[in-house]
Amino acid sequence: PFFIYWAMQIAHDPMQAPISLPNTPDPIEYAFATLADQAIENVTTKLKELEQWNNTLFVFSSDNGGPAFSDQKAASNFPLRGEL
């Protein structure tokens, strides 16, 4: 057995994405979600190739939300708010 702790930093500053952005209301967030999906697919595909998928507990979790302050307006913690 093995353990992988993988902390993806995709949806954090700087708010840039290395893929083309579609014409959606939130193109950066869309790009971040797409990159995360692709990365997770790469891991699951490799586990299946190595015949380890059936012996693997895969836990996916998000972080604790956006920053309490941001000049990029990329996150909302509504209705929770941090205090500075």
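Fair warning: this is a prediction, and the values are worked out from it, not measured in the lab. (Residues numbered from 1 in each chain as written. Predicted model: local features only at pLDDT ≥ 70, side-chain atom pairs only at ≥ 80, totals over all residues. Heavy atoms only, no water.)

## Comments concerning the environment of Phe-60
Along the chain, the position of Phe-60 falls in the segment after helix H1 (27-49). For Phe-60 and Trp-6, which are 54 residues apart along the polypeptide, the C-alpha to C-alpha distance reads 9.8 Å. Residues within four places of Phe-60 in sequence aside, it is in contact with Met-8 and Ile-40. (Helix = DSSP H or I, 4+ residues; strand = E, 2+ residues; numbered from the N terminus. Contact = heavy atoms within 4.5 Å.)

## A closer look at H1
Given 3.6 residues per turn, any residue in an α-helix points the same way as the ones three and four places further on. For H1, built from 23 residues, the straight-helix expectation of 33 Å at 1.5 Å per residue is met to within 8% by its first-to-last C-alpha distance of 33 Å. For H1, the set of buried residues is Ala-31, Phe-32, Leu-35, Ala-36, Ala-39, Ile-40, Thr-44 and Leu-47. Of the residues flanking the end of H1, it is Glu-51, one or two places downstream, whose phi is positive at about 55°. (Expected span 1.5 Å × (residues − 1). Buried < 20%, exposed > 50% of the residue type's maximum accessible area, 1.4 Å probe, protein only.)

## A word on the packing of aromatic side chains
Under the counting rule described, the total for this entry stands at one aromatic pair. The ring of Trp-53 has Lys-48 sitting right over it, with the charged end atom 5.2 Å from the ring centre. (Phe/Tyr/Trp six-rings, centres within 6.5 Å; stacked < 30°, edge-to-face > 60°. Lys NZ or Arg CZ within 6 Å of the ring centre and 35° of its normal.)

Honestly, that's just the spatial picture; any functional story needs more than this.
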